[in-house]
Amino acid sequence: MSHILVQDLAVTYPLFNRARSSLDTQTAPLDAGEDFGGTQRLVRDKRGYIKGVRALDGVSFEVEQGERIGLVGANGSGKTTLLQVLAGIYPPEEGFVTVEGRTTSLVNINLGMRSEATGNQNITLRGLASGRKRSEVEARRAEIAAFAGLGEFIDLPVDTYSAGMRMRLNFAIATAFEPDVLILDEWLSAGDAKFRKAASERMSTFVGRAGILVLASHSASLLQANCTRGLWLHDGRVRMDAPIDDVLAAYEASGKSQTAAQE
Amino acid sequence: MNIQTRRYDLHAASGVLGFVKDLWAGLAMVELWRTFAWDEIQQRYRRSMLGVSWIILSFLMFVGGVSFFFSALSGRELESFIVYVALGYAAFIFISGNFIDGCQVFTSSHVWIKALSLPYSVHVYRSLFRSLLIFALQMVVVIPLMIWSGWVPGLLTLLVVPTLVLYVVNAVAVQYLLGLISARYEDVGHLVTSITRLLIFVTPILWVREGLDGARAFAADLNPLTHYVEIFRAPLLGEMPRMTSWAVVIGVTFAIWLAAALCAAVFRRRLPYWL
């Protein structure tokens, strides 16, 4: 059983070195382009100092079991933050999130690994960190190593890996322990064609067991292959929530009209 | 962990209850922090030929050197002074290590805190377990030294058990508290490191408090670390620690736990935003 409910979610990142904007705070929001929401999302105190950045604002949606959600949106639209809130890493500032089912998240390829430790040691650490017993980790070790396809690199420090190798190991570990809710950030597209195919197959068997997939990506083909429903984030708000093909079409159309407007 | 529903909102897992749950849930992940700590120790010495033996070696070098130069000033015989320094220094390294490690306990784990929703206390236990391993390795040297100087275990030796329990209990709160504060205010980390450097001189490790006159002995007593070291060292030297020392240690323990619980209750869930 897996289920996600997000209600009126808002998240603000605090800024501690109290930046003073070099733009005039009164006119800056008016000067900024209509589609660049960066300026409106800065939270200011009474004197105009920037206190923080509002990453998400009034986000609500519900995900039923077996649904595969694709998150789209420009850089800085709040995709990664939303994934981190769903994973329980950042607590919401307003609203709430409930997540039913065992959750695994792969939000940043460089996080959640000890880069001085070997691939094998990281398998142990991540397995234990996701609440598995040592024996369960050992039972899966060979399978993880095989899926990651690292050969003897599995006994070398993760430092020596390429970005693609790190990602393969990360993905192999995360999916080996059969989570109910899988949260993936966009770096999955860093894999080569062969790995993306293997990853897609694994994700579809996983969703076949009525799990939930939340995948953020800039790759339309990856989203089309793996997702059923699309969620378009814009300036920390949900702009569109519809079947993936419709969302991708609208998102691409807006991208084109924006480029056209600028030219 | 079975299938479960988690709710995240502004108030979830905050408050003192959230802190207690965090401590408890982290404790249950014993395999994780044990593996973590052991990996880290091995990693630190991975490229040295002597490896983990460096912990023992550098400890011996300090104790040997200090005993040689300071024994004349202490008024004790060399043999008993070596044991005095070794015991005091081992205790001091453990305690002051908690201050320094505590300041980095969360900042150095940001890679994990921002990737997985683990109980934050896991990082505290990992850091503490690492200090305990180092402490145990040093005791491997200290115990033969004690036997060589003619030490015979007695009933007083058993007092080490409550002392070690107090050390561990203190360490959890100290590291959690300092970890939270220095994640928010980086200056605290620098301040604590600077003070800790000074502490070795104002704590009776290289010198003996009993040899001092009234005013200086009183000044030494104002330093809580004097009492923390005393309750460990005195029983192993065959002396009963003063009641003052027990009272100070227990009092300070309560104060630190109170501060840690209050601080964690209010600010614990802000931690990922601070890193």
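Attention in this report is confined to the structure presented alongside it. The shown structure was predicted, so the numbers you read here are calculated from the model rather than taken from an experiment.

The rules behind these values
Residues numbered from 1 in each chain as written. Chains lettered and ligands numbered in written order. Predicted model: local features only at pLDDT ≥ 70, side-chain atom pairs only at ≥ 80, totals over all residues. Heavy atoms only, no water. Helix = DSSP H or I, 4+ residues; strand = E, 2+ residues; numbered from the N terminus. Buried < 20%, exposed > 50% of the residue type's maximum accessible area, 1.4 Å probe, protein only. Contact = heavy atoms within 4.5 Å. Areas by Shrake-Rupley, 256 points an atom, 1.4 Å probe, with all protein chains shown as cover. Salt bridge = Lys/Arg side-chain N within 4 Å of Asp/Glu carboxyl O. Pairing = 2+ DSSP bridges. Axes fitted to C-alpha atoms, helices over the stretch in contact; angles between N-to-C directions. Patch = residues over 30% accessible without salt bridge, like charges linked within 9 Å, V, L, I, M, F, W, Y side chains within 5 Å. Polar contact = N/O pair within 3.5 Å; in protein donor to acceptor, adjacent residues only side chain to side chain. Nonpolar A, V, L, I, M, F, W, Y, C, P; charged D, E, K, R; others polar. Parallel < 35°, antiparallel > 145°, perpendicular 65-115°, else oblique. Left-handed = near helix turned anticlockwise from the far one by under 90°.

1. Brief notes about the overall build of chain A
When you go through chain A residue by residue, the secondary structure sums to eight helices and 10 strands. When the 263 residues of chain A are sorted by exposure, 51% land in the buried category. A sequence separation of at least 24 residues applies to 73% of the contacts in chain A between residues at least 6 apart. Accessible area of chain A: about 11400 Å², with a carbon and sulfur share of 51%.

2. Examining the pattern of salt bridges
Any two side chains of opposite charge can pair, so long as their charged atoms come close to each other. Taken as a whole, this structure holds 21 salt bridges over all chains when the rule is applied. One salt bridge connects R237 of chain A with D57 of chain A, and the closest N-O pair in it is separated by 3.1 Å. Residue R237 of chain A is located in strand β10 (residues 237-243), and its partner D57 of chain A is located in strand β3 (residues 50-63); the two are separated by 180 residues in the primary sequence. The class of R237 of chain A is partly exposed, set by a relative accessible area of 45%. Looking at D57 of chain A, the relative accessible area reads 19%, which means it is buried. A salt bridge links R130 of chain B to D101 of chain B, with the nearest nitrogen and oxygen atoms 3.5 Å apart. Note that R130 of chain B is positioned in helix α6 (residues 121-148) and D101 of chain B in helix α4 (residues 78-104), a separation of 29 residues in sequence.

3. Overview of the pairing of β3 of chain A
Consecutive side chains of a regular strand alternate in pointing toward one face of the sheet and then the other. Residue and element names in this part refer to chain A. Relative to β3, strand β1 (residues 3-14) runs antiparallel, the two being bridged by eight bridges. Paired with Y13 across the strands is V53, a residue of β3. Note: strand β2 (residues 42-44) against β3, three bridges, orientation antiparallel. Paired with L42 across the strands is V53, a residue of β3. Between the antiparallel neighbours β2 and β3 lie five residues, among them G48 with a positive phi of about 90°.

4. Digging into the sheet that holds β3 of chain A
Spatial ordering of the open sheet is given by β2(A)-β3(A)-β1(A)-β5(A)-β1(B), a layout of five strands whose pairing is antiparallel. Here the strands that pair on one side only, and so sit at the sheet edges, are β2 of chain A together with β1 (5-9) of chain B. Averaged over all neighbouring strand pairs, the angle between strand axes comes to 30°, with direction disregarded. Relative to strand β5 (residues 94-100) of chain A, β1 of chain A runs antiparallel, the two sharing six bridges. In the sheet register, Q7 of chain A faces β5 of chain A, and the bridge partner there is F96 of chain A. Contacts from helix α2 (residues 79-86) of chain A reach β1, β3 and β5 of chain A together with β1 of chain B within the one sheet, and its direction differs from that of β1 of chain A by about 120°.

5. A short note on a nonpolar patch on the surface
A cluster of nonpolar side chains, contributed by M49, L50, W54, L57 and M61 of chain B, occupies part of the molecular surface with about 570 Å² of accessible area. The partly exposed category is assigned to L50 of chain B, whose relative accessible area is 44%.

6. Topic: the interface of chain B and chain A
Across the boundary between the two partners, chain B contributes 33 residues, which contact 45 residues of chain A. Counting every contact that joins chain B to chain A gives one salt bridge. Ionic pairing is found between E40 of chain B and R114 of chain A, a salt bridge with its closest N-O pair at 3.7 Å. Joining chain B to chain A, the criterion identifies eight residue pairs in polar contact (both at pLDDT 80 or more). Counting only elements with at least two residues in the side of chain B that touches chain A, the list comes to β1, α2 (30-44), α5 (110-113) and α12 (271-274) of chain B. For the side of chain B that touches chain A, the element with the most residues is α2 of chain B, which contributes seven residues. Residues belonging to the side of chain B that touches chain A are distributed by class as follows: 17 nonpolar, five polar and 11 charged.

7. Looking at the packing of helix α3 (residues 119-129) of chain A against helix α4 (residues 134-148) of chain A
Residue and element names in this part refer to chain A. Running from N to C, α3 and α4 cross one another at 135°; their axes reach a closest spacing of 10 Å. Here α3 lies oblique to α4, going by the angle between them. For the pair α3 and α4, the sense of crossing is right-handed. The segment α3 lies against α4, with N120, I123, T124, G127 and L128 engaging R134, V137, R141 and I144.

Limitation: the analysis is restricted to geometry and does not speak to function.
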